[in-house]
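# Remarks on the overall topology
Each chain, written out:
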Amino acid sequence: MSFKKCIDDLENGNEITRDQADQVREVYEQQLEFHKGKMSETAAEAEAGKDAFNEIKNKKMHSKRQKIMQMRTVQGRLQDIDNYTNRLGQKDPNAGAIALYEQDNNSKFSSVAQREEAILGFANANMHKILSTFRRNVIGNVRNKAKFKNLIREAFGENTGDVSAKELAQAWTSTHEMLRKRANRAGANIAKKKNYGFPQTHNRFSIAKAGREQWKTKIAPLLNKTEMLDQTTGLPLNDLQLEIALNDVYDSIIAEGFNKLKKGLGGRGKSLANARQDHRFLIFKNADSWMKYQNEFGDPNVYDTMIAHTKNMSRDIAMMEILGPNPDATTSFLKQTLTQKAKVKGISGDIDLKAENAAVRANKKIDEMYKAVTGRNNAPINGVVASTFAGLRQVIQSAQLGATSLAAITDINFQRLARQFSGLSQTRTLQQYLEFVNPLNAKQKGELAISSGLIAEGWTSLAAGQMRYVGDMSGPEITRRVSDFVMRASFLSPFTTAGRWAFGMEFQGSVARMAGRSFKDLEKNFKDTLQRYNINQSEWDIIRATTPYDEKSAKFIRPTDIMERTDLDAPTIESVATRYLEMINTETNFAVPSNSIRGRTFLTGETQPGTFTGETLRSVAMYKNFGVTVVNTHLMRGLTLDKTSSKGGYYANLLISTTMMGALAMQLKEISKGRDPRDMFGDSEETAKFWFAAFMQGGGLGIFGDFLFSGTNRFDASLGETIAGPVFSFGSDLQKLTIHNLYQAATGQDTNAAGELVKFTQRYLPGSSLWYARLALERKVWDQLQLMTDPKARSKFRRAETKYRRDFGQKYWWGPGDTAPTRAPRYSAAIE
């Protein structure tokens, strides 16, 4: 019987569907064409038939596996949301479903955000030598670029004789392989390729400029055609198939994958588990071919390529592990389930509109959270508009956030609170901060932290520091570099990273110190912390039985050490190690409040860049992300405590200590501006204002505390402009400088354009607010330029001095317009 007749019989007997039959026929025809000329016609038909049947078998088995995994995952998530209880002890599936995307204070199950951060931590730990070698310097440049070529050659299997490059390439290969295997365990089907080298990045604008035919002409000679396989059959491509495949790749790059989107399905055209195969289709002949392509059509910076790949893979694996091989389908099913639960209530009694409205709100929040974890809400609608406004925000940040590290001193208190709540030692908090921030041992300490699975943003990302206060790292590279430089130069980025590493290592050290205790004998706070993350006696016994890592007589039980154990089955080890790292990372977000998905979606919803609403809300969100994160962490944590006395004790501790640290931050800022500290115990009304402003400062909303003392904030913006955000203030200032001055000139009024230009430049020049240089720059440059350009400058300076003396009893130790300080700051003024 011929192969075609066999397929016809299977289709007619309903053993395979028509679509399956058509796919098999297509595979058969392709493989018949491939084998012809290499053997007899009969043998070619037999080989083509064998290939086609093998493909049916493999594809069917993989499809069945994915369906089973999807079903099991959905059942597990339904169980999670059904068992979820809110802070009042009530069943709340709506909040439980939202917590699947980012954890909250009541969820005991893993979320996509937690899992992604943990998987990325394991990947970075595996390649910590790479991160240490190429980590970014103070101006955002990657170090040791000269090593790139040898690293690339070694990764493609070429022997360069460079031992260091070989070790780095092996670290990359093992990391890449670890992520591939974990993705496959989550439902993907990514084949292993020898000497794969590196994934490709594609610059769609360069490719579009070249055009389809020129791009295909240039890339074809660089490809290893014998290793490139048909994604359907897993078999080598013939020339016609390669031509068709390259056309498909070109379309996908230019359309950013939207050419494969099936309308009406609310997401990708294929499951996430299958989508990853697309990224491994192009195989280059060797390192030179890969570098040639990257130089012309991609990104030649291999470090950024590695970082982007590990981040993207970590995100996709996390979504598959939490939401199944098809996260889009799971998300849709969860929303339908919430709606069904609310609607069904009405069958047995009155229609519960409150429950139905709650389900509607939960579904909207799920959409926002899902778009945030997938990154879809950052896909610009209008690229030019989005890039322009993102760049403008970064320039403004670089001009205005130079003193933010003074406000970040409040982290020490948040760290103390988090350690106390988790049952960790608080005695060496400041010392550990200093150890990790010290540039003399920053590399050694950083390697230790990253090899333990802790965050590596300071070494891998541009403008990572601004995420705490802005929640945005997009925009043109030049403006990201400018912003990144200011964040590093102001010590905000190093201070933030040091705090996160100090907490993470103290957590692992505490676990090592407590390893001798059984679960029931653990200190209450520490035991409660473990149970919040569903780590109970069996998991604790696995963790404490792990051989500690010894670093100069200091012992740590690291998640990576657990992952390397071979005495237990692999799924158990992976589960315990991952949950352990999720716990450390989540608690770290309490110790150093940073960026959160809940905070971003609260401020910007599901709006996208490049739209009027999206850009408006991104301006509104600037400088408010940190405050929202504090609410979502510490304030919400207090609500989860059982007893009223426990809540009261926690909030009293938080309120008093936060306010005291806010007061310290405010006084440091006053001194950095050339003024004596503000009196903290003077007139009763002014004292109340000061301490309320200190409370606002400690909670990350110090900019609003400014309005207790003035009609404008520290950037001379009104309350309305502050709420609207710095971009609107910039627009207002630009309008005053241009249109307003033109109007004044046209009507014969004095414009003082030169003086206003000086003030405008001072306010928006990147780096002008660096806390240790601002005062000298202001007095010796900006004030002198004001005196040259503004006839009323001297009287304005006197009015400023009079205002602070009258309103706050403050005097300047380095007055406006003076080229040198008249004395040292009078610290005793704070308690007079």
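Note that the coordinates shown come from a computational prediction; the quantities given were computed from them, not determined experimentally.

Turning our attention to the packing of helix 24 (residues 492-514) against helix 28 (residues 570-591). Put simply, helix 24 and helix 28 touch, their axes get as near as 9 Å, and they point 135° apart. One finds that helix 24 runs oblique with respect to helix 28. For the pair helix 24 and helix 28, the sense of crossing is right-handed. Contact residues: helix 24 offers Arg-500, Phe-503, Gly-504, Phe-507, Gln-508 and Val-511, while helix 28 offers Tyr-580, Met-583, Ile-584, Glu-587, Thr-588, Asn-589 and Ala-591. Among the residues forming the contact of helix 24 with helix 28, the class breakdown is seven nonpolar, four polar and two charged.

Residues of helix 26 (residues 537-544) that are buried include every one of Trp-540, Ile-542 and Ile-543, and no others. Along the axis of helix 26, the buried residues cluster in a sector spanning 160°; they form a single face. Structurally, helix 26 contributes buried residues whose contacts are with helix 24, helix 25 (524-532), helix 27 (559-563) and helix 28.

With respect to the helices and strands, Asp-350 occurs in the loop between helix 15 (327-344) and helix 16 (353-374). Put simply, Asp-350 and Lys-129 are 221 residues apart on the chain and 63 Å apart in space, counted from C-alpha to C-alpha.

Of note, Arg-618 is situated in helix 30 (residues 612-621). Among residues more than four places away in sequence, those in contact with Arg-618 are Asn-377, Asn-378, Arg-393, Thr-604, Thr-607, Gln-608 and Pro-609. A polar atom in the side chain of Arg-618 sits 3.2 Å from the backbone oxygen of Asn-377.

Turning to the side chain of Arg-637, a few remarks are in order. Secondary-structure assignment places Arg-637 in helix 31 (residues 625-640). Residue Arg-637 is classed as buried on the basis of its relative accessible area of 3%. For Arg-637, the residues in contact, after removing those within four places along its chain, are Asn-105, Phe-421, Arg-532, Tyr-533, Glu-587, Phe-590 and Tyr-650.

With that settled, consider the nonpolar core. Soluble globular proteins tend to bury their nonpolar side chains together. Core analysis: the biggest nonpolar cluster contains 103 residues, and Phe-198 and Trp-215 have the highest contact counts within it. The element that contributes the greatest number of residues to this core is helix 24, accounting for 11 residues. Sequence-distant contacts of Trp-215, that is, excluding residues within four places in its chain, are made with Ile-207, Leu-246, Val-249, Tyr-250, Ile-253, Tyr-293 and Phe-297. Grouped together as the second largest cluster of nonpolar side chains are 34 residues, Ala-97, Ala-188, Met-313 and Met-369 included.

A separate point is the confidence of the model for the protein chain. Averaged over every residue, the pLDDT of the protein chain is 86; the share at 70 or more is 91%. Across the protein chain, the secondary-structure element scoring lowest on mean pLDDT is helix 34 (residues 702-705), at 53, and the one scoring highest is helix 26, at 97. Note that pLDDT drops below 50 for residues 263-269; the model gives that stretch 13 contacts with residues more than four away or on any other chain.

Once that is clear, we can look at the packing of helix 19 (residues 411-422) against helix 28. For the pair helix 19 and helix 28, interaxial distance at closest approach is 7 Å and the crossing angle is 135°. Considering their axes alone, helix 19 and helix 28 lie oblique with respect to each other. Across the interface between the two elements, Asp-411, Phe-414, Gln-415, Ala-418 and Ser-422 from helix 19 touch Glu-587, Phe-590 and Ala-591 from helix 28. Split by residue class, the contact of helix 19 with helix 28 holds four nonpolar, two polar and two charged.

Parameters and conventions
Residues numbered from 1 in each chain as written. Predicted model: local features only at pLDDT ≥ 70, side-chain atom pairs only at ≥ 80, totals over all residues. Heavy atoms only, no water. Axes fitted to C-alpha atoms, helices over the stretch in contact; angles between N-to-C directions. Helix = DSSP H or I, 4+ residues; strand = E, 2+ residues; numbered from the N terminus. Parallel < 35°, antiparallel > 145°, perpendicular 65-115°, else oblique. Left-handed = near helix turned anticlockwise from the far one by under 90°. Contact = heavy atoms within 4.5 Å. Nonpolar A, V, L, I, M, F, W, Y, C, P; charged D, E, K, R; others polar. Buried < 20%, exposed > 50% of the residue type's maximum accessible area, 1.4 Å probe, protein only. Arc of directions from axis to C-beta. Polar contact = N/O pair within 3.5 Å; in protein donor to acceptor, adjacent residues only side chain to side chain. Core = buried A, V, L, I, M, F, W, Y, C linked by side-chain atoms within 4.5 Å. pLDDT = per-residue confidence, 0-100.

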